[in-house]
Amino acid sequence: MSKFVDMFYEILLPLKLDWLPTYSSDEELYIGERVRVSFAHRDYIGVVLGSTEVPGVNSAKVQAVSARIPFLPRITGKELALWKFISEYYLCTPGEVYKAAYPKSRTESEMVLARKKAKAEAEAKPGFPSDEKRDCTKPEVLISGDRKQHYLKEISHAMSDGLNVLVLVPEKAYGDELKKALKSEFGDRLKIYGSKQTAAQRRDTAESLRSGEAVVVLGPRSSIFLPFCKLGLIIIDEEQDYSHKQTEPNPRYNGRDAAVVLGRLHGARVILGSASPSFETLFNLSNGKYTISPEVPRSAPGCVPEIIDISAERRKNGVQGDFSYKLKDSINASSGKVLLVRGWENEEELKTRAAELFPDKEVIILNQSAALAVSGHFGAVAILQLDALSDRSDFRADEKMLQFLSSLSGKCDRMIVQTTKADHPVFRILQSGDPAALLEERKAFKLPPFTRIIDITLKDTNPKRFGMFSDILSKSFREAIRIPVSDGITFRFTVPHSSDAAAVKRKLMSTVGEIERRYRYSGHIHIDVDPV
């Protein structure tokens with residue numbers, strides 16, 4: 001009887017490592033299996049990535065796997081493929097992606113369930129859940145302010161075929177109204193996933209997916225890391241919203257773009273929904289990478305805003321406090337609730353003033369982000385000072401303004417905007433629904449979506465150390481544009497689509513890694529691909 005020869009395995013750990021530790025085992029391990037190992041005198045749950053009979057290091061120094069965890073679900077091949085994409089595209093280590101996908105709390109929760117299974121079963125049988133890949137179609141773009149009914153129809157079709165559905169929503173409360181509709185339609189088959197759910201609830205969602213149940217998951221960007229087994233449809237709602245992008249910590253991924261890759265891995269249909277799509281999505285439509293949703297005609301723009309030149313009104317003494325007389329008259333002429341969107345104005349003072357000016361009106365006062373997230377319909381939406389809601393140093397400012405106004409225009413019968421820039425091109429685009437002029441401007445200045453941007457940011461509260469490493473990075477990245485940021489500096493690289501972006505990324509990551517190793521300086525230099 002032949003004895004099993006010790007094998008050596010590369011194990012992925014939830015750590016920022018640019019290499020894979022090797023461990024030995026006198027038992028055969030499987031790719032995706034999770035095992036307990038020791039690293040730097042601490043215990044970790046690692047993932048088996050591959051095996052070899054000859055380790056890349058002295059075999060005498062190779063530690064053995066501490067223990068197998070046979071009842072802990074294996075990581076599927078598609079999960080590993082998604083992690084690989086995120087690691088390579090967003091320039092972070094595989095361990096950082098693993099840590100984001102399976103944070104300690106999630107692993108501990110699964111361990112609880114694993115122990116319960118261990119008592120009920122004698123042994124675990126290796127093997128991935130059944131997941132037949134379907135033909136992959138181009139992602140579809142649904143340009144409409146009212147997308148809910150189309151979503152419900154497509155979700156019903158997918159679930160009737162026994163498939164999972166992922167509905168990705170921004171971190172903000174956009175999903176509240178959609179959640180009510182999904183709950184009404186699908187009842188217990190709707191699984192809500194996010195930080196507000198308990199560990200047990202999140203574990204229940206993961207188990208439902210692993211078992212192949214036909215469920216619909218509603219959640220933010222982190223939902224892409226769930227173990228989908230039969231994923232048939234992905235809906236990315238409010239795809240233009242910038243909170244789909246993770247900014248801190250690594251991996252700094254865009255949930256929208258990663259979800260498109262997830263759909264391709266599973267052969268799932270992908271729908272990106274928005275009243276005013278991101279310029280990246282419009283670019284992908286223009287080059288044939290995406291397609292307009294074939295079943296839904298593009299909806300007409302929402303109500304056209306009434307523009308009040310606040311500077312001109314002040315010159316005519318037509319302004320009292322934060323309200324022009326024109327704005328006051330327009331609000332009084334409207335019917336229904338009124339939404340006031342404030343910028344730098346004091347909320348309490350506005351409440352007092354609004355009660356004086358509009359005693360018979362129900363007036364709700366919100367800031368920009370809350371106004372985007374609020375549900376319901378208003379007789380009038382009034383923006384007191386649009387200029388205060390725009391960061392002119394941001395090259396995406398016009399795009400964000402367009403998307404903000406487009407989103408609000410679908411929530412009201414009447415929109416009134418006070419601004420010092422009454423001739424801004426965004427207002428013309430709102431009427432025509434065609435942002436071609438802004439896209440041409442981006443193209444002329446070689447800005448995204450016609451190029452890619454990679455930011456390398458240094459932050460350090462120690463002035464001496466900051467000065468030293470700022471000089472080191474300046475010498476290493478002479479071709480970058482330097483941008484001062486809070487407590488640091490950003491080195492910005494513009495990468496043309498025609499170049500070998502992967503080679504550029506590898507070089508940048510290699511340079512940063514070399515600096516961190518040489519000077520033992522970690523935790524202060526961050527790479528952000530496609531920053532927003």
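Residues numbered from 1 in each chain as written. Predicted model: local features only at pLDDT ≥ 70, side-chain atom pairs only at ≥ 80, totals over all residues. Heavy atoms only, no water.

Colleague: So what exactly am I meant to see when it comes to the side chain of Q240 here?
Modeller: Along the polypeptide, Q240 turns up in the loop between strand 10 (231-237) and helix 7 (255-266). Contact partners of Q240, with chain neighbours within four places excluded, come to G273, S274, S276, P277, S278 and Q403. (Helix = DSSP H or I, 4+ residues; strand = E, 2+ residues; numbered from the N terminus. Contact = heavy atoms within 4.5 Å.)

Colleague: Teacher, can you tell me more about the sheet that holds strand 4 (residues 42-52) here?
Modeller: Two pairing modes exist for strands in a sheet, parallel and antiparallel, and in both the strands are linked by backbone hydrogen bonds. Taken in spatial order, the five strands of this open sheet run 2-1-4-3-5, and their pairing is antiparallel. Whereas interior strands pair on both sides, the edge strands pair on one side only; in this sheet they are strand 2 (22-25) and strand 5 (67-68). Summarising the sheet, strand 1 (residues 7-12) and strand 4 pair through five bridges and their orientation is antiparallel. For E10, the partnering residue across the bridge sits in strand 4 and is G50. (Pairing = 2+ DSSP bridges.)

Colleague: Would you take a moment to explain the nonpolar core for this structure?
Modeller: Proteins that are soluble and globular tend to have nonpolar side chains buried together. Residues W83, I224 and L405 are the most contacted members of the largest nonpolar core, which totals 94 residues. Those residues in contact with L405 that lie beyond four places of it in its chain are I383, L386, M415, V417, V426, F427 and L430. Of all hydrophobic cores here, the second largest spans 19 residues; its members include L152, L182, V216 and L233. (Core = buried A, V, L, I, M, F, W, Y, C linked by side-chain atoms within 4.5 Å. Buried < 20%, exposed > 50% of the residue type's maximum accessible area, 1.4 Å probe, protein only.)

Colleague: Can you help me understand the environment of V426 in this one?
Modeller: Within the fold, V426 resides in helix 14 (residues 425-432). You can call V426 buried: its relative accessible area is 0%. Placed 187 residues apart in sequence, V426 and E239 show a C-alpha to C-alpha distance of 20 Å. Not counting residues up to four positions away in its chain, the partners in contact with V426 are D398, M401, L402, L405 and L438.

Colleague: Explain the pattern of salt bridges here, please?
Modeller: When the charged atoms of two side chains with opposite charge come close together, those side chains can pair. Evaluated as defined, the whole model comprises 36 salt bridges. Among the salt bridges present, the one from K326 reaches E313, with a minimum N-O distance of 3.4 Å. Here the residue K326 occupies a position in helix 10 (residues 325-333), and E313 occupies one in helix 9 (residues 310-315), the gap between them amounting to 13 residues. A relative accessible area of 44% means that K326 is categorised as partly exposed. You can call E313 buried: its relative accessible area is 7%. For D460, the salt bridge identified is with R465, shortest N-O distance 2.7 Å. (Salt bridge = Lys/Arg side-chain N within 4 Å of Asp/Glu carboxyl O.)

Colleague: Explain the confidence of the model for the protein to me, please; I cannot follow it from the model alone.
Modeller: Any region with low pLDDT has predicted coordinates that should not be read closely. Confidence along the protein averages 90 in pLDDT terms, with 93% of residues attaining 70 or more. In the predicted structure, residues 122-128 sits below a pLDDT of 50 and forms twelve contacts with residues beyond four places in sequence or in another chain. (pLDDT = per-residue confidence, 0-100.)

Colleague: I'm lost on the packing of aromatic side chains in this one. Help?
Modeller: For any pair of aromatic rings, the description rests on two quantities: the centre-to-centre distance and the angle between the ring planes. One pass over the full model with this rule turns up 14 aromatic pairs. Consider the rings of F323 and F358, whose centres lie 5.9 Å apart with planes at 65°: the pair is edge-to-face. Here F323 is found in strand 15 (residues 323-324), whereas its partner F358 is found in the loop between helix 11 (347-357) and strand 17 (363-366), with 35 residues between them in sequence. The pair formed by F323 and F358 is uniform in burial state, with each residue classed as buried. Centroid distance F477 to F493: 5.3 Å. Interplanar angle 90°. Geometry classified as edge-to-face. Remark: F493 occurs in strand 22 (residues 488-496) and F477 occurs in the loop between helix 16 (463-476) and strand 21 (481-485); sequence separation between them is 16 residues. Here a set of aromatic residues connected by ring pairs shows up, and it is made of W83, Y98 and Y102. (Phe/Tyr/Trp six-rings, centres within 6.5 Å; stacked < 30°, edge-to-face > 60°.)

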